[in-house]
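This is what each chain is made of:
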Amino acid sequence: MLTLTNLRKHFGPASRRVVAVDGVSLTVRKGEVFGLLGPNGAGKSTTIGMATGLISPDEGTVNIEGAGAPTTSTARLHLGVAPQELALYEQLTGEENLRFFGKLYELSGDALSKRVDTVLELVGLSPRRQDRVVTYSGGMKRRLNLAVALIHDPPLLLLDEPTAGVDPHSRNNLIDVVRKLASEGRTIIYTTHYMEEASKLCDRIAIMDKGKVLAQGTLSELTAAHGGHTVVTVSHGDSQERIETADPLKEIARVMAAGTATNVRIDAPDLESVFLALTGRSMRD
Amino acid sequence: MNSIFAIAFKDLRLLFRDKGGFFSVFVFPILFALLFGAIFRDSGGAGGGMRIALVNEDNGPASKGFVSDLRGDSVLKILPSLKDTDGKVIAPEPALTRTEAETLLRKGTASAIVVIPKGFEAAAETIFTGGSLQLETVVDPSRKAEAGMLEGKLNQYGFRVLGSTLSDTTRTKKLVTDAKSRIAQSDLNPVQKLAFSSLLSSVESLQASGATQGTATSDDTASNVLGNWSPIKVTSRELAAGGDDKKRPTSSWEVSMPQGVVWGLMGCVLAFTVSIAEERSAGTLRRLRLSPMTRVQVLLGKGLGCAIACVLVQAMLTGAMLLLGVQVGNWPMYLVAVSLNAVGFAGVMMAMAGLIASREGAAGIARGIALVLAMIGGGTIPLFFMPSWMQTLSNVSPFKWGVLAFEGTIWRGMSMQELMLPFAVLIGFAIVGFAIGALGIRRVMDGEK
Ligand SMILES: Nc1ncnc2c1ncn2[C@@H]1O[C@H](COP(=O)(O)OP(=O)(O)OP(=O)(O)O)[C@@H](O)[C@H]1O
Ligand SMILES: [Mg+2]
């Protein structure tokens, strides 16, 4: 559906050159939710920018299946983009924002009204549709920002940190919306620096750091390849025993048989351990 | 096309919701027009650098001397100019007819006409007998402030004519003798008779001492006693709109309203230029880029919105004008002027957007440019107060042409042909503005973060 080949992009003059994206190649398959996970400044937004055609790469190509380069008019209709920075008219109501952007995609009349109703319902903003965006909470603005990306019913969605700065309730709501969109058969690229989101939501994940993709695959592929072993922590009263193992069940059976254990904790490898293994840093730093 | 309209109407909606923008587009211009209209209702005072279209119908030696005195004045600019564009003196001295002079006045090239009628020479001979040099002036009603100054100047140079007549010894002797007898028989009151006699006696003694200079000034005592007698009689009238039977401009509103309109147009230009800069920083411009619209279509959407706002503000001020009793001289041409102002100023907006919307502090820069254009275009200080290089510079200001297009169709009674110039300039602003905007919009839309 979307292929990025060897994308490179730098910013700034030679003296203060920042290489934002440094040779990124990705293939996103039709119908999957593809996660782009990385810490601040990893180059996620720059990658998304090149995928949407807003940023022209120094090097490399972007190809959207059936539409070619992202700047063609067919590609524009295929792409739905929710930028990381909110891009809304604050003095217009939620509904007016949606109607305006809908018209830019040549929607009109009943088709437009229906579509506006649908996306407002989807993101749960119907009750506030007549209110100006300035009066919205941060979470509501996020949801509207996503709704605008959906107004023209695009098959390919690029969502850049759609949950940034949102409380846990709104976050769950947004994650549900993305799941729903995926279930409708849309292809979604989802950038985030929250590992839980990536693990819950994404079929495949690329881990980015310093402009490079360090690894990509399904969650289990990534953890199997880079996460190391499961850690079983056994407490014997006051003392603790830490066991790294590829077969945690077998270890637990052994510990239980010994009969001295007062508590057992199992830590399966996760994206955090993958990131730690790949970069030597914790992603939360 | 649908999407171009969508942008236009979205921006109009935003304009109406933005208190500051609404004020500068719709409230300020009308306040400005009302304030200035009220001030100019009974204005006096004068400035400098006044252009005078001169018509000499007499052409006698006295009138020629008078003309060369006027030409020598530092404040007055006498048209037609004696020198051609290369600075060579044109000979024989170029002359205007009354009709030509009126055309110059209507177009705003001159701010007043001075006519030296036939009989100036003959009148010069009767100055000592209570006769007067007759002059006619026609002033532009929007330039009333200058009329007072002009009259002062004409009197000043009129006295010089008197002086040069006096310096011609034999002629004076005869004149004085004639005059004395005529005064004795005239129906002047005794005080005036006395005053004239003493004036004439002092002339005689001047002659005797041989101290006569080229310039004579009025004797203070004499002129005081002489009351409202003056060697110069200036008949002044205001320029009538159009031909003879057309309406005359009746009020200062006719002058201040077009200026108010142009401020309103500039408000539209500012509001839309700023809206592009704001959309750029708010990120919505990026959303527009992601839509199937091209950059030029986005620019056209903004331009259309601006043009519609321009029509609205003009309609509002036209309404105010009609309420204040201002009559439009030429409705069809007025409507053309309204439309061309809308497209012309939309062009100015597109150019501004293309040139500055991508810069830091675009709103401030835009306001600064607008203010400068307003000032050099006569939006804040009347053009005649300005030095001539600045008057020439004013040609680049859309203010000047916007006002001219309006006044031309309201009370200047400019003909189709005369209107062609401001109309063409406005169309030029539209075309050139669009071209500059189209070139610049790429940087504005792509250069963002
Ligand atoms: N327009 C720009 N000009 C200069 N530097 C830029 C620009 N855009 C991005 N960068 C730099 O490129 C690098 C990558 O930025 P990018 O926004 O792509 O990261 P990100 O992964 O999206 O980070 P975040 O999680 O904070 O959104 C950063 O160092 C950033 O400072
Ligand atoms: Mg980012």
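Preceding block: the structure.
On a predicted model such as this, the values are computed, not experimentally measured, just so you know. (Residues numbered from 1 in each chain as written. Chains lettered and ligands numbered in written order. Predicted model: local features only at pLDDT ≥ 70, side-chain atom pairs only at ≥ 80, totals over all residues. Heavy atoms only, no water.)

1. Considering the coordination of the magnesium ion (ligand 2)
Residues and elements named next belong to chain A. Selection criterion: For Na, K and Ca the donor cut-off is 3.2 Å; for every other metal, N, O and S atoms count as donors within 2.8 Å. Water does not enter the count, which can leave sites looking incomplete. Only DSSP runs of H or I reaching four residues or more are called helices, and only runs of E reaching two or more are called strands; each is numbered from the N terminus. Residue exposure (1.4 Å probe, protein chains only): buried if accessible area is under 20% of the type maximum, exposed if over 50%, otherwise partly exposed.
Looking at the metal site, the magnesium ion (ligand 2) is ligated by Ser 45 (OG) and Gln 84 (OE1), spaced 1.9 to 2.0 Å from it. Of the two residues, Ser 45 is situated in helix H1 (residues 44-52) and Gln 84 in the loop between strand S5 (79-82) and helix H3 (94-104); the sequence distance between them amounts to 39 residues. You can call Gln 84 partly exposed: its relative accessible area is 28%.

2. Some thoughts on the interface of chain B and chain A
Note the following rule: Any two residues whose heavy atoms approach within 4.5 Å are treated as being in contact. Accessible area that two parts lose when put together, evaluated with a 1.4 Å probe and summed over both, is termed the buried area. Here, a salt bridge means any side-chain nitrogen of Lys or Arg that lies within 4 Å of a carboxyl oxygen of Asp or Glu.
Chain B puts 20 residues into the contact, and the matching count from chain A is 28 residues. Carbon and sulfur atoms supply 62% of the area that chain B and chain A bury against each other, a total of about 2,300 Å² over both sides. The three residues of chain B that bury the most area against chain A are Arg17(B), Arg287(B) and Leu290(B), which together make up 35% of that side's buried surface. Between Glu96(A) and Arg17(B) there is a salt bridge, and its shortest N-O distance comes to 2.7 Å. Elements with a minimum of two residues in the side of chain B that touches chain A: helix H1 (2-17), helix H10 (253-282) and helix H11 (284-290) of chain B. Of the residues forming the side of chain B that touches chain A, the biggest block, eight residues, is contributed by H1(B).

3. A word on the pairing of S5(A)
In the case of a regular strand, side chains alternate between the two sheet surfaces. Residue and element names in this part refer to chain A. Rules: Two strands pair under a simple rule: DSSP has to find at least two bridges between them.
Residues Leu 79 and Val 81 point to one face of S5 and Gly 80 and Ala 82 to the other, with burial holding for every one of them. In terms of strand pairing, S5 meets strand S6 (residues 156-160) through four bridges, oriented parallel. Directly across from Leu 79, in S6, lies its bridge partner Leu 156.

4. Points about the packing of aromatic side chains
Basically, it comes down to this: Think of it this way: a Phe, Tyr or Trp ring, Trp meaning its six-membered ring, pairs with another when their centres are within 6.5 Å, and the plane angle makes it stacked under 30 degrees, edge-to-face over 60, tilted otherwise. Here, a charge over a ring means that NZ of Lys or CZ of Arg falls within 6 Å of the ring centre while also lying within 35 degrees of the ring normal.
Scanning all chains against the criterion turns up eleven aromatic pairs over all chains. Relative to Phe9(B), the ring of Phe5(B) has its centre 6.0 Å away and its plane inclined at 15°; by these criteria the two rings are stacked. Residue Phe5(B) and its partner Phe9(B) are located together in helix H1, separated by four residues, close to a single helical turn. Under the relative-accessibility criterion, Phe5(B) is labelled partly exposed at 34%. Accessibility expressed as a relative area gives 46% for Phe9(B), which makes it partly exposed. Aromatic pair Phe16(B) and Phe22(B): ring centres 5.7 Å apart, planes at 50°, arrangement tilted. Given a relative accessible area of 44%, Phe16(B) falls into the partly exposed group. One cation-aromatic arrangement involves Arg171(A) over Tyr194(A); the distance from NZ or CZ to the ring centre is 4.0 Å. Residue placement shows Arg287(B) over the ring face of Phe101(A); its charged tip is 5.7 Å from the ring centre.

5. A short note on the site of ligand 1
All names here are of chain A. Formally: Note on definitions. A residue lies near a molecule or strand when any single heavy atom of the residue is within 4 Å of it. Distance and chemistry together define a polar contact, namely a pair of N or O atoms within 3.5 Å, with one atom able to donate a hydrogen and the other to accept it when in protein, and with adjacent residues in sequence counting only for side-chain atoms on both sides. Surface exposure here means Shrake-Rupley accessible area, sampled with a 1.4 Å probe, where a residue is shielded only by the protein chains that are shown. Classification convention: Asp, Glu, Lys, Arg as charged; Ala, Val, Leu, Ile, Met, Phe, Trp, Tyr, Cys, Pro as nonpolar; all other residues, Gly among them, as polar.
For ligand 1, the set of nearby residues contains 14 residues, the closest of which are Gly 41, Lys 44, Ser 45, Thr 46 and Gln 84. At 3.1 Å from an oxygen atom of ligand 1 is found a side-chain nitrogen or oxygen belonging to Asn 40. Within the side chain of Glu 161, a nitrogen or oxygen atom sits 2.9 Å from an oxygen atom of ligand 1. Taking 630 Å² as the accessible area of ligand 1 by itself, protein coverage stands at 69%. Residue assignment for the shell around ligand 1 shows that the elements contributing at least two residues are strand S2 (18-28) and H1. Looking at the shell around ligand 1, the element that brings in the most residues is H1, giving three residues. Considering only residue class, the shell around ligand 1 consists of five nonpolar, six polar and three charged.

6. Considerations on the pattern of salt bridges
Applying the stated criterion to the full structure yields 30 salt bridges over all chains. Lys212(A) is paired through a salt bridge with Asp22(A); the nearest N and O atoms lie 2.8 Å apart. Residue Lys212(A) is located in strand S9 (residues 212-217), and its partner Asp22(A) is located in strand S2; the two are separated by 190 residues in the primary sequence. Given a relative accessible area of 39%, Lys212(A) falls into the partly exposed group. Looking at Asp22(A), the relative accessible area reads 21%, which means it is partly exposed. Here Asp446(B) ties to Arg442(B) by a salt bridge, and the two come within 4.0 Å at their closest N and O atoms. Of the two residues, Asp446(B) and Arg442(B) both sit in helix H17 (residues 416-446), four residues apart, roughly one turn of that helix. Linked through salt bridges whose partners overlap, the residues forming this network are Arg8(A), Asp22(A), Glu59(A) and Lys212(A).

7. Re unusual backbone geometry
Residues and elements named next belong to chain A. One non-glycine residue, Glu 106, lies in the positive phi region at around 60°. Here Glu 106 is to be found in the loop between H3 and helix H4 (109-123). Glu 106 sits in the partly exposed class, given a relative accessible area of 47%. Phi at Glu 161 takes a positive value of approximately 45°, unusual for a residue other than glycine. Position of Glu 161 among the secondary structure elements: in the loop between S6 and helix H6 (168-183).

8. Some remarks on the sheet that holds S5(A)
Residue and element names in this part refer to chain A. Note the cut-off: To get an axis, fit a line to the C-alpha atoms, keeping to the stretch in contact for a helix; angles then go from 0 to 180 degrees between the N-to-C directions.
The strand order across the open sheet formed by six strands is S5-S6-S7-S3-S8-S9, and the pairing between neighbours is mixed. Of all the strands in the sheet, the pair left with one neighbour each is S5 and S9. Across the sheet, the axes of successive neighbouring strands diverge by a mean angle of 15°, strand direction being ignored. Bridging between strand S3 (residues 33-37) and strand S7 (residues 187-192) involves five bridges; their strand directions are parallel.

9. What to know about the side chain of Thr192(A)
Residues and elements named next belong to chain A. Relative to the assigned elements, Thr 192 resides in strand S7. Side-chain polar atoms of Thr 192 contact the side chain of Glu 197, separated by 3.2 Å. When neighbours within four sequence positions are excluded, Thr 192 is seen to be in contact with Leu 36, Leu 37, Gly 38, Lys 44, Glu 161, Glu 197 and Ala 198.

10. Here's the deal with the pairing of S2(A)
Residues and elements named next belong to chain A. Of the pairings in the sheet, the one linking strand S1 (residues 2-11) to S2 comprises eight bridges and is antiparallel in character. Of the residues in S2, the one forming a bridge with Lys 9 is Val 21. Connecting S1 to the next strand, S2, in antiparallel fashion are six residues, including Gly 12 with a positive phi near 85°.

11. Description of helix H12 (residues 295-323) of chain B
We count it as follows: A helix is expected to reach a length of 1.5 Å times the quantity of its residues less one.
A rise of 1.5 Å per residue sets the reference length of H12(B), with its 29 residues, at 42 Å; its end C-alpha atoms lie 42 Å apart and thus fit the reference within 8%. Of the residues one or two after H12(B), Gly325(B) is the one with positive phi, at around 85°.

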